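Examining the three-dimensional arrangement
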Amino acid sequence: MIKRIALIILILSSTIGYSQKKYPQNYFQNPLEIPVILAATFGELRSNHFHAGLDLKTQKKEGLNVLASANGYVSRIKIQHGGYGKALYVTHPNGYTTVYAHLKKFSPEIEQYVKRNQYNKESYTIQLYPQANQLSVKKGNTIAFSGNTGGSTAPHLHFEIRDSSAKIINPMHFGIGAKDSKNPTIFGAYAYSLDDFSQVNQSNKKQKLHFSIQKNGELLANSIEASGVIGFGVKAFDRLDAAMNKNGIYKLELFVNNEKTYQHQLETFSFAEGKYVNLLVDYPHYFKNKSRIQKCFIVPNNKLSIYKNVINDGNIFIQNGLTYTIKIIASDFEGNKTTLIIPVKGKEQEIITQEDTKTTSHHFKRSVFNKVSEGDVSLAIPKYSFYKDLDFDFSYKNGIATIHNGSVPLHKSFTLSFNTSNYTLAEQKQLFIGRVYKNGYVSYTSAKRKENKLYVKTKRLGNYKLASDIKKPTITPKGFKNGQWLTNFRYLKVKIKDDLSGIKSYRATIDGRWVLMEYESKTGILKYDFNDGKISSKTKGAKHTLKVVVSDNVNNTKTYIATFYRKK
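Right, let's walk through the structure included here. (Residues numbered from 1 in each chain as written. Predicted model: local features only at pLDDT ≥ 70, side-chain atom pairs only at ≥ 80, totals over all residues. Heavy atoms only, no water.)

Focus: the pairing of strand E34 (residues 414-419)
- Counted residue by residue, E34 has 5 buried out of 6 residues, so it is predominantly covered.
- Note: strand E30 (residues 377-381) against E34, 4 bridges, orientation antiparallel. By the bridge assignment for E34, Val377 is matched with Phe418. (Buried < 20%, exposed > 50% of the residue type's maximum accessible area, 1.4 Å probe, protein only. Helix = DSSP H or I, 4+ residues; strand = E, 2+ residues; numbered from the N terminus. Pairing = 2+ DSSP bridges.)

Listed below in structure tokens is the structure:
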């Protein structure tokens, strides 16, 4: 008996030790010189993906020192107009890679390396993979400066930790996080009937639950009557101590009569899983209301790896005459919790309100290739594009192609084609496929041309039309005039804009030589840094010619030429 107890203790000790060693502690440091205050946490629910790291606040400004979190070498540098903007990837001896995104610029050595390659390729956007011995970094040394580039909406540093297989891991598991003593907030709860024969309060539709806070801090919902297979979902967020941002929760659990039947937690995931976030949430509700209900049950074809200890996919079978206590617990990384109690009475009743169903002329099975055509429009949907079989709405009226509606998430892209043979060749060159919104706004989609056909591949259902863009982009000088002396200027700036199809490309030269003009897509500003030293002046007061050529997405092109004077 004593030997058995000792063996159990040894096993438990080994398990705890392994858990502590799963992620190295004190290996990575805070990548900023200021205390960590978070604008966003790991795994927050975003459009078609999970947030892949931590967003560290930078005191609402740019230019803070960004430090290497550990020794290593720069293994990748990517600069793009959207997305992560200017991003740096550092690989470490222990196999992990840290990512630093939305940067303003890099440290001098890295900046020099990047600009040399940009000038060689004559491109602002670039992706580089330095060798391990080219750009080594030391823990705590400055490798970049924080910014607001790419898809960022405010100055901050996006920080990630990835393993050797490129899976993203919550940096909080490595000891990088912010103080959090606050419980998460549950601000909405819903009950779902999960088949045609189930009901909650005599309804087969999703039911919003009403609850109140109790003296012990728990939330208690009004009792519901149900029968058949049901599930639950909640709206929830978490706040940290030093900020008012509504962050994501770390873990969501559901218990039925004190037995855990569902759990998901945001510890790690792969980028390939991101699209399945649309099955974790109630996607039609999000499409209509722009708020996310997190389901406490797993729908078919959901391949997320974040689930743990799930019984029967989280589906709950309610039997007539029995009572159930449903407990939903939302937790943050520090273990702060909020509990919602839902009393359920099993009662078979007539279903008075049924889920709305719409019959259409098309019924698509997810396991087969589907194709339909009407007038000048055709639609091709690869098999397994949908997550379930679907009654599909498709029509082409008054120039608008209705491709079902945006409340249905897609796993693969479909192809939408428009016949353009009724247009002249000149007219065809200015056509594009635009997505039509309720307010009439038309947004450009990246289409391709093939003979008398224009087609686009997209995952977004909705309304589309052929649109024409006949206007050239505009180019406006910022802070200088034609013929002006610019000797004391650090930067040369112009603003570029296109009102319809959007900017496709730009090229700038000074005295016929390509120069790097960094493009900030949020402001439309192109900026050349005179410190690049790419213009020459053999005599004082030399005259220089700036030429900027900008094309939109249907190749309308605008050229701007100006002269300026600058002493060497």
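There is more to say after this.
Considering the sheet that holds strand E5 (residues 65-67)
- Strand order in the open sheet formed by 3 strands is E5-E12-E9, with antiparallel pairing between adjacent strands. The open sheet terminates on both sides in strands that have one partner only, identified here as E5 and strand E9 (103-106). Adjacent strand axes in the sheet meet at a mean angle of 40°, parallel and antiparallel pairs treated alike.
- In this structure, E5 lies alongside strand E12 (residues 142-146), joined through 3 bridges in antiparallel fashion. From the neighbouring strand, Leu67 faces E12, where its bridge partner is Thr142.
- Relative to E9, helix H2 (residues 108-121) is tilted by about 90°, and along the sheet it contacts E9 and E12. (Axes fitted to C-alpha atoms, helices over the stretch in contact; angles between N-to-C directions. Contact = heavy atoms within 4.5 Å.)

What about the environment of Phe394?
- With respect to the helices and strands, Phe394 occurs in strand E32 (residues 394-397).
- Under the relative-accessibility criterion, Phe394 is labelled buried at 4%.
- Along the chain, Phe394 and Ser361 lie 33 residues apart, while their C-alpha atoms are 8.2 Å from each other.
- Setting aside anything within four residues of it in sequence, one finds Phe394 in contact with His362, Val372, Ser373, Glu374, Val377, Leu379, Thr402 and Ile403.

Describing the pattern of salt bridges
- If you walk through the whole model with that rule in mind, you get 13 salt bridges.
- Among the ionic pairs, Lys22 bridges to Glu267, the shortest N-O distance being 2.9 Å. Residue Lys22 is located in the loop between helix H1 (2-21) and strand E1 (38-40), and its partner Glu267 is located in the loop between strand E22 (259-265) and strand E23 (268-269); the two are separated by 245 residues in the primary sequence.
- The exposure class of Lys22 is partly exposed, given its relative accessible area of 40%.
- In this structure Glu267 comes out as buried when scored by relative accessible area, which is 8%.
- When the shortest N-O distance is used, the salt bridge between Glu520 and Lys522 registers 3.2 Å. (Salt bridge = Lys/Arg side-chain N within 4 Å of Asp/Glu carboxyl O.)

Thoughts on the sheet that holds strand E46 (residues 525-529)
- Taken in spatial order, the 4 strands of this open sheet run E40-E42-E46-E45, and their pairing is antiparallel. Edge positions in the sheet fall to strand E40 (474-478) and strand E45 (517-520), since each of these pairs with one other strand and no more. Looking at each pair of strands side by side, their axes are set apart by 25° on average, direction ignored.

Some details on the packing of aromatic side chains
- Under the definition given, this model contains 25 aromatic pairs.
- Ring plane angle 75° and centroid distance 5.0 Å describe the contact between Tyr27 and Phe28, whose orientation is recorded as edge-to-face.
- With a relative accessible area of 5%, Phe28 lands in the buried category.
- Through pairs of rings, three or more aromatic residues link up here, namely Tyr23, Tyr27, Phe28, Tyr96 and Phe174.
- Over the ring of Phe145 we find Lys105, and its NZ or CZ is 5.6 Å from the ring centre.
- Lying over the aromatic face of Tyr286, Lys290 brings its terminal NZ or CZ to 5.3 Å of the ring centre. (Phe/Tyr/Trp six-rings, centres within 6.5 Å; stacked < 30°, edge-to-face > 60°. Lys NZ or Arg CZ within 6 Å of the ring centre and 35° of its normal.)

Focus on the environment of Leu128
- By the element assignment, Leu128 lies in strand E10 (residues 126-128).
- For the pair Leu128 and Asn216, spaced 88 residues apart in sequence, the C-alpha separation works out to 56 Å.

In short, shape yes, function no, at least from these values alone.
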